[in-house]
Amino acid sequence: MTKPDSDITATKAPVEWDAATYDRIAEPMTRWGGVVLERLQLMGDECVLDAGCGSGRVTEQLCRRLPRGRVIALDRSAAMVTEAQRRLAPYASRTTVLCADLTKPLPLRSVDGVFSTATFHWIHDHEALFAHLAAVLRPGGQLVAQCGGAGNIARVHAAAKAAGVDLEATYFATPDQTERRLKAAGFVDVRCWLQPEPTPLEPGEPFETYLRTVCLRPHLEQLAPSEQPAFLRNVMEQLGEPVIDYVRLNITARRSEIGREA
Ligand SMILES: C[S@@+](CC[C@H](N)C(=O)[O-])C[C@H]1O[C@@H](n2cnc3c(N)ncnc32)[C@H](O)[C@@H]1O
């Protein structure tokens, strides 16, 4: 695996998710996803890949933008794929839900667009990721994405470290790193920018469930079940206000008409 620019020790995030809980609490991702979706330029008859569809809440919005087109909803978590199949059932005639890994060559034919939200930061090897996406995107096709970027949830990770779990299971790239990697993978018209999104959540149990299901999912995997409640309490006490210091990395690009540039 190519090492990211920053000198972090990459720890693999667990593959599986509590998909039913994620589906219930993913309001911030669904809201941001709707805004990112507006950046896709669509006639309504294209074939678009949702790379890391999760439980399908944003994919559902994508399906509505493609009344005569097709959606390929891809995720590597079997639990998320099952949840997405359930949610996308009304669009089954023009949707394919696939369990596949974005760090490997994708089992797909050419698509007109790639869309992705809240996923790329779960992958450390962005060179491989962008090469696999470029390989399935038709020349001139669009990439529109958003993920965690440099500085994302830094307070949450600092609190987790102080509570005893120091982990880099996610990778929050900068716009410069991402622009360079996208160009090397054969993308043009590349534009990347950061967007701070401090996100208040309901205090108490909803905040704890959110941290457990999303931000601290890899950290909790490192602990015995008996240690997890005290760890979560410790992190919540340090954070005080139930606000997550999200910073999103926006990405728009187009696959070169002539293949790889570099
Ligand atoms: C936070 S969820 C986002 C889901 C959805 N896009 C949304 O915005 O609600 C991140 C998703 O990325 C998926 N994912 C992480 N690494 C992946 C990989 N290597 N290949 C495919 N999917 C991956 C996870 O399984 C998870 O469903």
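If you check an unreviewed UniProt entry, the protein chain appears there as Methyltransferase domain-containing protein from Halochromatium glycolicum.

(A) Layout of the overall build of the protein chain. Across its full length, the protein chain holds 10 helices and seven strands. In terms of C-alpha radius of gyration, the protein chain reaches 18 Å, essentially the compact-globule figure of 18 Å for 262 residues. Dimensions of the protein chain, computed from the C-alpha atoms along their principal axes, are close to 55 × 40 × 30 Å. A buried classification covers 58% of the 262 residues belonging to the protein chain. Accessible area for the protein chain stands at about 11500 Å²; split by element, carbon and sulfur atoms hold 52% of it. Charge separation in the protein chain, taken as the distance between the mean sites of 30 positive and 33 negative side-chain charges, equals 5 Å.

(B) Layout of the UniProt feature "domain: Methyltransferase" (unreviewed entry) in the protein chain. In this numbering, the UniProt entry assigns the feature "domain: Methyltransferase" (unreviewed entry) to residues 48–141. End-to-end, the C-alpha atoms of residues 48–141 are 10 Å apart, and along that stretch the chain is 32% helix and 29% strand.

(C) Expanded view of the sheet that holds strand S2 (residues 70–75). Spatial strand order, S3-S2-S1-S4-S5-S7-S6: seven strands in an open sheet with mixed pairing. The open sheet terminates on both sides in strands that have one partner only, identified here as strand S3 (95–99) and strand S6 (187–200). Each neighbouring strand pair of the sheet contributes to a mean axis angle of 15 degrees, computed without reference to strand direction. Sitting on the sheet, helix H4 (residues 78–87) is in contact with S2 and S3, with an inclination near 165 degrees to S3.

(D) Geometry of the pattern of salt bridges. Here the structure, examined in full by the defined rule, presents nine salt bridges. Between Arg-87 and Glu-60 there is a salt bridge; the shortest N-O distance is 2.8 Å. Taken together, the positions of Arg-87 in helix H4 and Glu-60 in helix H3 (residues 57–65) put the pair 27 residues apart, joining distant regions of the chain. Classification of Glu-60 by relative accessible area gives buried; the value is 17%. Among the salt bridges present, the one from Arg-86 reaches Glu-83, with a minimum N-O distance of 2.5 Å.

(E) Fine view of unusual backbone geometry. If you check the backbone angles, Ile-153 has positive phi at about 40 degrees while not being a glycine. With respect to the element layout, Ile-153 can be found in the loop between strand S5 (137–148) and helix H6 (154–162). Within the chain, Asp-189 stands out as a residue other than glycine whose phi angle is a positive 50 degrees. Tracing the chain through its elements places Asp-189 in strand S6.

(F) Representation of the site of the ligand within the structure. Around the ligand sit 20 residues in total, of which Tyr-22, Gly-52, Asp-75, Asp-101 and Thr-117 are the nearest. Contact distances for the ligand include 3.3 Å between an oxygen atom and a side-chain N or O atom of Thr-119. In isolation the ligand offers 600 Å² of accessible surface; the protein chains occlude 98% of this area. Partitioned by chemical class, the residues of the shell around the ligand number 11 nonpolar, six polar and three charged.

(G) Highlighting the pairing of S3. Taken together, the five bridges between S2 and S3 define a ladder with parallel strand orientation. Each residue of the ladder has a partner; that of Val-71, found in S3, is Thr-95. One crossover worth recording links S2 to the parallel S3 by way of H4, and it is right-handed.

(H) How the structure looks around the environment of Arg-254. Checked against the element boundaries, Arg-254 lands in strand S7 (residues 243–255). Classification of Arg-254 as partly exposed rests on a relative accessible area of 29%. Sequence separation between Arg-254 and Gly-113 is 141 residues; the distance between their C-alpha atoms is 8.8 Å.

(I) Region of the structure containing the nonpolar core. Residues Met-29, Tyr-210, Leu-211, Cys-215, Leu-216, Ile-244 and Tyr-246 are the most contacted members of the largest nonpolar core, which totals 35 residues. If you list the elements that add at least two residues to this core, you get helix H1 (19–25), helix H2 (27–37), H6, helix H8 (205–215), helix H10 (228–239) and S7. Non-local contacts of Tyr-210, meaning those with residues more than four positions away in its chain, are made with Ile-25, Pro-28, Met-29, Leu-201, Cys-215, Ile-244 and Tyr-246.

Reading the values: rules and limits
Residues numbered from 1 in each chain as written. Predicted model: local features only at pLDDT ≥ 70, side-chain atom pairs only at ≥ 80, totals over all residues. Heavy atoms only, no water. Helix = DSSP H or I, 4+ residues; strand = E, 2+ residues; numbered from the N terminus. Rg over C-alpha atoms; globule rule 2.2 N^0.38 Å. Buried < 20%, exposed > 50% of the residue type's maximum accessible area, 1.4 Å probe, protein only. Areas by Shrake-Rupley, 256 points an atom, 1.4 Å probe, with all protein chains shown as cover. Lys, Arg positive; Asp, Glu negative; His and termini not counted. Charge placed at Lys NZ, Arg CZ, Asp CG, Glu CD. UniProt positions renumbered as here; feature names shortened; annotations may be inferred. Pairing = 2+ DSSP bridges. Axes fitted to C-alpha atoms, helices over the stretch in contact; angles between N-to-C directions. Contact = heavy atoms within 4.5 Å. Salt bridge = Lys/Arg side-chain N within 4 Å of Asp/Glu carboxyl O. Near = heavy atom within 4 Å. Polar contact = N/O pair within 3.5 Å; in protein donor to acceptor, adjacent residues only side chain to side chain. Nonpolar A, V, L, I, M, F, W, Y, C, P; charged D, E, K, R; others polar. Right-handed = clockwise from strand over helix to strand, strands pointing away. Core = buried A, V, L, I, M, F, W, Y, C linked by side-chain atoms within 4.5 Å.

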